[in-house]
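Summary of structural features
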Amino acid sequence: MSNSKKINTLDEIRIENGIVKLKNHFQSLVKNNSKEAVNYLNDDHLQYVTLFELRNEIEEFNILTELNTRNRIALRITKEILSKESNNLIAEYLSSHHISKVCLILKWILETGFAENTVNNELDKTIDTAAVLLTKVYRDKSILPTIVNIIFNRFEKDYFIHDLVWAFFESQDPYTLFLIGNRLKSNKKRDVQLARKLLSFVPGINVDSDIYDEKQYLSFLKWFEENNLFLYYGGESLQETKNPIPFKIDLSGKYLCKVVSNETGEILIPLTPQESKLLKQFNELDENSRILLSNFSSIMRQSSMYWWNVWINYPILEQIRTAKTRMGGYYD
Amino acid sequence: MIRIVGMTFNPETIIEEYPPRSVQRKILKILSSSDDNYIYDSVEQLKFELNLRYNIIEASKNLYKSGFAFEVFRESRCNPKYWRRTDNGGFLLKEGVKPSSAINDIYINGSKYGTECATAIVIIFYKGVLNIVPEQLFNRLFPVINLMNWNYIDDDLGIAYYRNVNDPLPGDCRYFKNPDVDPETPQWQGENAIDLGDGYYYGHGIGIKTAEDIVRILNSVRRDDATQSAYLLDSSTRPDFNHLSDVYYNYISSVQFINQSLPSV
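Rules behind the numbers
- Residues numbered from 1 in each chain as written.
- Chains lettered and ligands numbered in written order.
- Predicted model: local features only at pLDDT ≥ 70, side-chain atom pairs only at ≥ 80, totals over all residues.
- Heavy atoms only, no water.
- Pairing = 2+ DSSP bridges.
- Helix = DSSP H or I, 4+ residues; strand = E, 2+ residues; numbered from the N terminus.
- Contact = heavy atoms within 4.5 Å.
- Axes fitted to C-alpha atoms, helices over the stretch in contact; angles between N-to-C directions.
- Buried area = accessible area lost by both parts, 1.4 Å probe.
- Salt bridge = Lys/Arg side-chain N within 4 Å of Asp/Glu carboxyl O.
- Polar contact = N/O pair within 3.5 Å; in protein donor to acceptor, adjacent residues only side chain to side chain.
- Nonpolar A, V, L, I, M, F, W, Y, C, P; charged D, E, K, R; others polar.
- Patch = residues over 30% accessible without salt bridge, like charges linked within 9 Å, V, L, I, M, F, W, Y side chains within 5 Å.
- Areas by Shrake-Rupley, 256 points an atom, 1.4 Å probe, with all protein chains shown as cover.
- Phe/Tyr/Trp six-rings, centres within 6.5 Å; stacked < 30°, edge-to-face > 60°.
- Buried < 20%, exposed > 50% of the residue type's maximum accessible area, 1.4 Å probe, protein only.
- pLDDT = per-residue confidence, 0-100.
- Core = buried A, V, L, I, M, F, W, Y, C linked by side-chain atoms within 4.5 Å.

**Structural notes on the sheet that holds strand S8 (residues 146–147) of chain B**
Residues and elements named next belong to chain B. Taken together, 3 strands build an open sheet; the order of strands is S5-S6-S8 and the sheet is antiparallel. The sheet is open, and its two borders are formed by strand S5 (83–85) and S8, each paired with just one other strand. Here helix H4 (residues 99–108) sits on the sheet and contacts S5, strand S6 (91–93) and S8; the angle it forms with S5, its principal contact strand, is near 65°.

So this is what it looks like as structure tokens:
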């Protein structure tokens, strides 16, 4: 599972000559030198796409037991995903002591399973399921940059992305927004189009706007910097609405400038009696006042901790009056 | 309450036009007794919404009866006589095909089609409109139809998603969320379903069921270690009734004007 650029012979044949030639070559290799064929498959540098494409031949020539653990588990997972009925294999792996090994295999599937120039629904389904297992079940965040690459690559070709976008956000990590935000400054038009669509809930991002991309990117960065510690996952997806809002801002956390849980939106650090009192008063306000105070609090704290401490100890009505005076028209 | 040109509207003035226990009467009662303001430019605009909501419900029941199958996008299928299946699993209207004929074909040859729940709802919205506007207007409004989830929908249909809805109405598309879905079946991460107005919902792939039944069915496709039940959100997806009404009445006026202008033979 090394990331070295060294290419496996079977991968090379697949990439250079296509799937049919790969299968023909592999069949004659197994017939002439079964051990060598197995060695190629068990090579650390083999890409999952090749294993996936040869899965029927592996079964046909009855060489499954000669494969290494990576390949055997990957093929079992593939079979489970592509079968209509669930055999609870995933649950079995989840509770097994092989959990870290399975996680590495899923990452291998995802990192080496993306074939750029083909539409293969079964392969894509396997990739999407591996992605959601890593993000939703194993809570692996390291795979997010790979997933975002696959999403944008597929979108460029107008392939199906909804399940993969869902898997991506199911990581419940606001870092996903940052990864998408980076595409706002891409030189590819389709990248910018998708980034705008997925970030359409961020103030300053407009799906249909002609405003140049750098300005939208800077708007996004400013918003992200101001809010990322207070974002929690709301779960909206492309199945639910055209322009989902996957993350919401927890106004209580933003008002007290306390980091919140990305999963629940609850403030992570225990509050002092004074903070609890402030929060109780804050939560009794109407939504517009809460938005005003949370925005003002966040900006004030960044500019001067001293004055923020003075302000946050004012009575709540005085806090509102000060915020209105100082914020002017900026309420959003 | 209902407000027409700034005045509170008394629903009793039109309620007799609809049969007792009809869905239109139910909608009128919800709108008029609500604390929210429902604003219309004319009584005709209000009646158009009532009519379209009724037809959305009828289109839901008829789609259920049509044999239209549930398939995930990767395995979606359509009648190639009218539609081209796209690489992302959507259905794109073929060139030279009448949009009205293509939408009607889904209801006539339902078994030739299969897709996920959101696309089914979009088909229902198109069919609801087709049922009440002249075919010529429908074909002029929607010359290009691309059926794929909530994407690519024609602006004239004006479908919008409303959060924190106080008065969900019959004919709305509601969403049942399934946060602990089995990762292997992302198609059951939730269910879009039309509120049929009688305590039942039509969700493609699930059928005509009560909210409790839909929740129970979604719960049966959760992961093994699930802790959270599926639930109905307080959101609604609706077409732009007032815009469609304006387009419809403008068309009717122009046709009447042309007919009156023609010399009698």
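Don't stop here, the text continues.
**A look at the sheet that holds strand S3 (residues 38–40) of chain B**
Residues and elements named next belong to chain B. Taken in spatial order, the 3 strands of this open sheet run S2-S1-S3, and their pairing is mixed. Two strands in the sheet have a free side with no partner beyond their single neighbour: strand S2 (7–8) and S3. Where strand S1 (residues 2–4) meets S3, 3 bridges bridge the pair, whose relative direction is parallel. Among the inter-strand pairings, Ile-4 is bridged to a residue of S3, identified as Tyr-40.

**Focus on the interface of chain A and chain B**
On the chain B side, the residues contacting the 38 residues of chain A number 34 residues. With both chains or domains summed, chain A and chain B bury close to 2900 Å², and 44% of this area falls on carbon and sulfur atoms. Looking only at chain A, the three residues that lose the most surface to chain B are A:Phe160, A:Gln239 and A:Glu240, adding up to 27% of its buried area. Summed over the shared surface of chain A and chain B, the number is 4 salt bridges. The residue A:Glu240 makes a salt bridge to B:Lys177 at a minimum N-O spacing of 3.6 Å. Taken together, the links from chain A to chain B amount to 17 residue pairs in polar contact (both at pLDDT 80 or more). Put simply, the parts of the chain that give the side of chain A that touches chain B at least two residues each are helix H6 (69–82), helix H7 (89–95), helix H9 (121–137) and helix H11 (162–169) of chain A. At 9 residues, the largest contribution of residues to the side of chain A that touches chain B is made by H9(A). Taken together, the residues that form the side of chain A that touches chain B break down as 14 nonpolar, 11 polar and 13 charged.

**So, the pattern of salt bridges**
Scanning the model with the defined rule gives 29 salt bridges over all chains in all. Residue A:Arg183 pairs with A:Asp191 through a salt bridge whose shortest N-O separation is 3.5 Å. Between B:Arg223 and B:Asp225 there is a salt bridge; the shortest N-O distance is 2.7 Å. Here the salt bridges do not stand alone but share partners, grouping A:Asp124, A:Asp128, A:Arg154, A:Asp163 and B:Arg74 into one network.

**A short note on the packing of helix H17 (residues 287–303) of chain A against helix H18 (residues 305–312) of chain A**
All names here are of chain A. The geometry of H17 relative to H18 is characterised by a closest axis approach of 6 Å and an angle of 145° between their N-to-C directions. Contacts from Leu-293, Phe-296, Ser-297, Met-300, Arg-301 and Ser-303 in H17 reach Met-305, Trp-307, Trp-308, Trp-311 and Ile-312 in H18. A per-class count over the contact of H17 with H18 returns 8 nonpolar, 2 polar and 1 charged.

**Describing a nonpolar patch on the surface**
On the surface, a nonpolar cluster with roughly 350 Å² of combined accessible area is contributed by A:Leu229, A:Val259, A:Leu268 and A:Ile269. Within the secondary structure layout, A:Val259 lies in the loop between helix H15 (251–256) and helix H16 (273–283).

**Comments concerning the packing of aromatic side chains**
Going through the model one piece at a time under the given rule, you end up with 25 aromatic pairs over all chains. Each ring, one from A:Tyr48 and one from A:Phe52, has its centre 6.0 Å from the other, and the planes form 55°; the classification is tilted. Of the two residues, A:Tyr48 and A:Phe52 both sit in helix H4 (residues 48–53), 4 residues apart, roughly one turn of that helix. Each member of the pair, A:Tyr48 as well as A:Phe52, carries the same accessibility label: buried. Ring centres 5.0 Å apart and planes at 65° place the aromatic pair B:Phe138 and B:Phe142 in the edge-to-face group. On the basis of relative accessible area, B:Phe138 is assigned to the buried category, the value being 0%.

**Side note on the pairing of strand S13 (residues 207–210) of chain B**
Residue and element names in this part refer to chain B. Pairing of strand S12 (residues 200–203) with S13, which is carried by 4 bridges, proceeds in the antiparallel orientation. Residue pairing across strands places Tyr-200 opposite Thr-210, the latter belonging to S13. Here S12 folds back onto S13 in antiparallel fashion, the turn holding 3 residues, of which Gly-205 has a positive phi close to 100°.

**A short note on the confidence of the model for chain B**
Low pLDDT marks regions whose predicted coordinates should not be analysed in detail. Confidence in the prediction of chain B, expressed as mean pLDDT, is 95, and 98% of residues score 70 or more. Taken together, the chains of this predicted complex give a pTM of 0.92 and an interface ipTM of 0.92.

**Digging into the nonpolar core**
The biggest cluster of nonpolar side chains holds 85 residues, and the ones touching the most others in it are A:Leu41 and A:Leu177. No other element matches the 8 residues that H9(A) contributes to this core. Residues within four places of A:Leu41 in sequence aside, it is in contact with A:Leu10, A:Phe26, A:Leu46, A:Leu51, A:Leu54, A:Ile58, A:Ile63, A:Leu67, A:Arg70 and A:Asn71. Counting 63 residues, the second largest nonpolar core, distinct from the first, contains B:Val23, B:Trp83, B:Tyr126 and B:Leu196.

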